[in-house]
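# Observations on chain architecture
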Amino acid sequence: MNSLIRNCIYLGKNAFRDRDFVFWTLAYPIIMAIFFNAAFSGMMNLNMDNIQIGMTSHNQIRYIFEEMDFFDIHLIDNGNYVDRLHNDEIHGYIDDDFNLIVSKSGVRQTIIKEVLEQIKQTIKLNRPISGNEFSVNYISNRNQKANSLFIIFYSLIAMVSTYGIFAGIETVSIIQANLSYVGIRMNVAPLKKINFLMAGTIVAFLLNILSNGMLLLFINFILKIELFEEYVYTLILIALGNLFGIALGVFIGSSNKKSFNVKTVMGIAITLFLSFLSGLMGPWIKAIIDKNAPIIGRINPISIITNNLYRINILGNKSSAIEGILILLLYSILLLFMSYVFLRRKSYDSL
Amino acid sequence: MTVYRYFNKIAWNYKWAILMYIIIFFIIAVINSTDSDEREVSFTETKLNVGIVDKENSQLSKGLRKYIESKNNVVDTREDESFIREQIFLEIADAVIIIPEGFDDKVINKEESVIIYTDERKPQSIQIHNQVNKYLSFANITYGDGVFDLEDVDSALKETVEVDVIDKVGKSNNNKAVDWFRNYFNYTGYIILAVYISAIGLVMSDFTDSNIEMRRKISSKRFLHYNMEIYLGQLTIASITTLIFILGSIILMGKYLGEVQFAKYVVNLIVFSVAALCLTFLVNNITRNKYAINAISAVLSLGTSFISGIIVPQEVLGEKVLMVAKFFPSYYFVRVNDRTISSLLDIRNELFMQLLFAAAFLLIGLIFSKKARRA
């Protein structure tokens, strides 16, 4: 037990002296959050803007559009509507013969067209109308805010929760005789590698949790983006993300004979790629994958964390959380077991 | 050419670091190219993604369903509130319509008859509300003797309005291909910066190892020749990387080359590559530490991509963000890719700005290099 604590202290000090660790684990996630906020803040808070329509002041259907509260009418009597269309000051122009002129397609243009069509269609229907038929509301609306951009932040949190991968690679590299001098000494000394490996895992786990905590506090209090409502499941998922990351790092570190740098690049590439698939670079990628290959979303560990984070915190849906937790646990156990198989009884021809 | 040969040899040792970026990029490009087939291309009515659950199965509900399906794209959904809310949240569906049992009676009584899940803040919600309310109002107007005259409703709904689209000069007809090429080349801006700084930086850090440096200093190799071979090596890696991306675009979407301004993209990418190479030169002269190089590569490439419009379009970025972005060549690179031009002269200012940045990076790099030699 004493040696475990001693090893934990040594490895902890070692990690903080490692500039790579300090940057990738502590600083990089916060830098990414700043970039995300800079890029996406304008898109996070949607406000419905009215649809801008141009027409002459004597247009006969002017009053119909004026009655609808989602239209703003611009009276253009000098015929200078082309520039205003090109400058996006108006979404469409209705001439005195009820023709619609637009500069591009879009939802707003389609809405103007449909309202115009409704006038023509009502005439075509040719039935007696008392006047209040079109004021009836047949719809019970259930509002659900759509903001897939939140996915990006959840995906970032999921990605950095797996950043224990670097500490995992580092821990294994230290005990491998072909990669470090300490490893050579350990292999010729009567020390148990498992002790060191356990200490490495504990330190990596604690430090990465610390880094995750810093990121969450930064997002919550500095960027002022509220992402969490349900803390128990959130913390379990983030903790399991850490465990998975470390296990993957230990696996990468033990499964091949590449240099430490190459293993680190492999770690970055794998986490970045899995995060990309889960929507880190834009939620549309996640949408494409969910549509064409939904199984990827269910087995991609970062997607599991991302999906469950938004489900439990924004949608209040915990139904897939247990499944996700079990899959992450299974991955971690499998990776650690395979790493153990790679690491045990390793011998070297010469050191 | 010993130095040049070894430069390439060391670069080859880092092949996986380079290839991983490139492979991931191409996977993304292929995913995007499959998606591009489904995007709106020219002026047509915007079709929303709508899910419908019909529990009534009456003539009226079927009629409504048919009408909504004719105006929109149908997405699969199911009667599960959590599932529907997730579809709306993720923007997989713009709206999900539930037609409950007892629908017909509610329509006749002019009550709330259908449940629609949408985001009220988006114009898409107005569009789907309009379509549903219009159909049901028309149906109710035709209601008499216990039946709806849906044939009349359908016939009236066939009346349409002609829409005139004002032409924009020089705009391509194939927006799909233009979108793909713009996104593809915008993303190369990110990958090129990341690959140049990390790959060339890692190779350079091996050359500037203090032992190697000392051996070089006592060798008969002239410093000028040594530097020239190093720069030639950098140029080789840079050219191969850039060429891979240009060829990649031809392989993936070669059949559309005639429909987009391909020369614009290629010239712009080459000019940007020069600026990125000079930025790499500057980074290599500021630090020779591998860890710092990895960190700078990640922060600069991702950071400039986010603020310059590579990942998020420039039009949705804030003014302050764009102001900062103007201090990086990526901003001008993206501006060119996003623009429609009639000739290469139209983009001379943006190309000039990128070259100006290249010159500035080179000069600052030389100052650092001189300082480092004196130290």
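Moving on: the overall build of chain A. For chain A, the count of helices and strands is 15 helices and five strands. Computed over C-alpha atoms, the radius of gyration of chain A comes to 29 Å, more than 25% over the 20 Å expected from 2.2 N^0.38 for 351 residues, which places it beyond the range of a compact globule. Taken along its principal axes, the extent of the C-alpha atoms in chain A is 95 × 40 × 35 Å. Split into buried and exposed, the 351 residues of chain A put 42% on the buried side. Across chain A, the fraction of contacts at a sequence separation of at least 24, relative to all contacts at a separation of at least 6, is 70%.

Taken in spatial order, the five strands line up as S5(A)-S4(B)-S3(B)-S1(B)-S2(B) in an open sheet, and their pairing is mixed. If you trace the sheet from one side to the other, it starts and ends with strand S5 (139–143) of chain A together with strand S2 (73–74) of chain B, each paired once. Where strand S1 (residues 49–54) of chain B lies against S2 of chain B, two bridges are found, and the strand directions are parallel. Within S2 of chain B, the residue paired with Val50 of chain B across the bridge is Val74 of chain B. The strands that helix H3 (residues 59–71) of chain B touches are S1, S2 and strand S3 (95–99) of chain B; relative to S1 of chain B, the one it contacts most, it runs at about 170°.

Between two packed helices, what matters for the description is the angle formed by their axes and the separation of those axes. Residue and element names in this part refer to chain B. The N-to-C vectors of H3 and helix H6 (residues 123–141) enclose an angle of 140°; their axes lie 10 Å apart at closest approach. Considered as vectors, H3 and H6 are oriented oblique to each other. Of the two possible hands of crossing, H3 and H6 adopt the one that is right-handed. Contacts between H3 and H6 involve Leu60, Leu64, Tyr67, Ile68 and Lys71 on the former and, on the latter, Gln131, Val132, Tyr135, Leu136 and Ala139. Here the contact of H3 with H6 is built from residues that sort into eight nonpolar, one polar and one charged.

Here we take up the nonpolar core. By size, the foremost hydrophobic cluster in this structure holds 179 residues, and its most contacted members are Phe36, Ala39 and Leu156 of chain A together with Ile97, Tyr196 and Ala199 of chain B. Per-element tally for this core: the top contributor is helix H8 (residues 175–207) of chain B, with 20 residues. In contact with Ala39 of chain A, other than residues within four places in its own chain, are Phe306, Ile307, Ile311, Val312, Leu317 and Val321 of chain B. Leu85, Ile90, Tyr93 and Val115 of chain A belong to the second-largest nonpolar core, a separate cluster that totals 17 residues.

Now for the domain arrangement of chain A. According to the domain assignment, chain A contains domain 1 (2–44 + 156–343) and domain 2 (51–135). Relative to domain 2 of chain A, the C-alpha centre of domain 1 of chain A lies at a distance of 54 Å.

Each strand in a sheet pairs with another by means of backbone hydrogen bonds, the pair being arranged parallel or else antiparallel. Taken in spatial order, the five strands line up as S2(A)-S1(A)-S3(A)-S4(A)-S5(B) in an open sheet, and their pairing is mixed. Edge positions in the open sheet fall to strand S2 (71–75) of chain A together with strand S5 (163–165) of chain B, since each of these has one partner strand only. Averaged over neighbouring strand pairs, the angle between their axes works out to 30° when direction is ignored. Sheet analysis places strand S3 (residues 92–94) of chain A next to strand S4 (residues 100–102) of chain A, joined by two bridges and oriented antiparallel. Across the sheet, residue Ile94 of chain A finds its bridge partner in S4 of chain A, namely Leu100 of chain A.

Attention shifts here to the interface of chain B and chain A. Each partner contributes residues to the interface: chain B has 76 residues there, and chain A has 76 residues. Elements with a contribution of two residues or more to the side of chain B that touches chain A: helix H2 (15–36), helix H4 (81–89), strand S4 (114–118), H6, helix H7 (150–157), S5 and helix H12 (290–308) of chain B. A per-element tally of the side of chain B that touches chain A places H6 of chain B first, with 15 residues.

If you check the domain split of chain B, you get domain 1 (2–38 + 176–374) and domain 2 (49–157). A straight line from the C-alpha centre of domain 1 of chain B to that of domain 2 of chain B covers 51 Å.

For helix H6 (residues 150–161) of chain A, spanning 12 residues, the distance from its first C-alpha to its last is 17 Å, which sits close to the expected 16 Å at 1.5 Å a residue. When we look at burial in H6 of chain A, the residues that qualify are Phe150, Ile151, Ile152, Phe153, Tyr154, Ser155, Leu156, Ile157, Ala158, Met159, Val160 and Ser161 of chain A.

Residues and elements named next belong to chain A. A positive phi angle, near 65°, is found at Phe98, a position not held by glycine. As for its placement among the helices and strands, Phe98 is situated in the loop between S3 and S4. Residue classification places Phe98 among the partly exposed positions, given that 16 C-beta atoms sit within 10 Å.

This part takes up the pairing of strand S1 (residues 51–55) of chain A. Consecutive side chains of a regular strand alternate in pointing toward one face of the sheet and then the other. Residue and element names in this part refer to chain A. Of all five residues in S1, four are buried; the element is thus mostly enclosed. Taken together, S1, helix H3 (residues 62–67) and S2 constitute a β-α-β crossover, and its handedness is right-handed. Both S1 and S3 contribute to a ladder of two bridges, which runs parallel. Residue Ile53 lies in a different strand from S3, and its bridge partner there is Gly92.

Parameters and conventions
- Residue positions within a chain follow its written sequence, with the count starting from 1.
- Naming scheme: in the order in which they are written, chains are lettered from A and ligands are numbered from 1.
- The model is predicted, so local features are restricted to residues of pLDDT at least 70 and side-chain atom pairs to those at 80 or more, both for listing and for counting; the totals for chains, interfaces and linings are taken over all residues.
- What counts as a helix is a DSSP run of H or I of at least four residues, what counts as a strand is a run of E of at least two, and both are numbered from the N terminus.
- For the radius of gyration, the atom set is restricted to C-alpha positions; the globular benchmark scales as 2.2 Å times the number of residues to the power 0.38.
- Buried means a residue has 20 or more other C-beta atoms within 10 Å of its own C-beta, exposed means 12 or fewer, and partly exposed covers the counts in between; C-beta atoms are placed from the backbone.
- For the purpose of contact definition, each residue receives a C-beta atom placed from its backbone, and two residues are in contact when these atoms lie within 7 Å.
- In this description, strands pair whenever DSSP reports at least two bridges between them.
- Convention adopted: a line fitted to C-alpha atoms gives each axis, helices being fitted over their contacting stretch, and angles between N-to-C directions are expressed from 0 to 180 degrees.
- In what follows, roughly perpendicular refers to angles from 65 to 115 degrees, roughly parallel to angles under 35, roughly antiparallel to angles over 145, and oblique to any angle outside these ranges.
- Crossings are sorted by hand: turned counterclockwise from the far helix by less than a right angle, the near helix makes the crossing left-handed, and turned clockwise it makes it right-handed.
- Side-chain classes are defined by residue name, with Ala, Val, Leu, Ile, Met, Phe, Trp, Tyr, Cys and Pro counting as nonpolar, Asp, Glu, Lys and Arg as charged, and the others, Gly among them, as polar.
- A set of buried residues drawn from Ala, Val, Leu, Ile, Met, Phe, Trp, Tyr and Cys, joined through C-beta atoms within 7 Å, is what defines a nonpolar core.
- The split of the chain into domains comes from an automatic or database domain assignment.
- Under the convention used throughout, the expected extent of a helix is 1.5 Å for every residue step, that is, one less than its residue count.
- By definition, the crossover connecting two strands over a helix is right-handed if that path, from the first strand to the second, turns clockwise as seen with the strands pointing away from the viewer.

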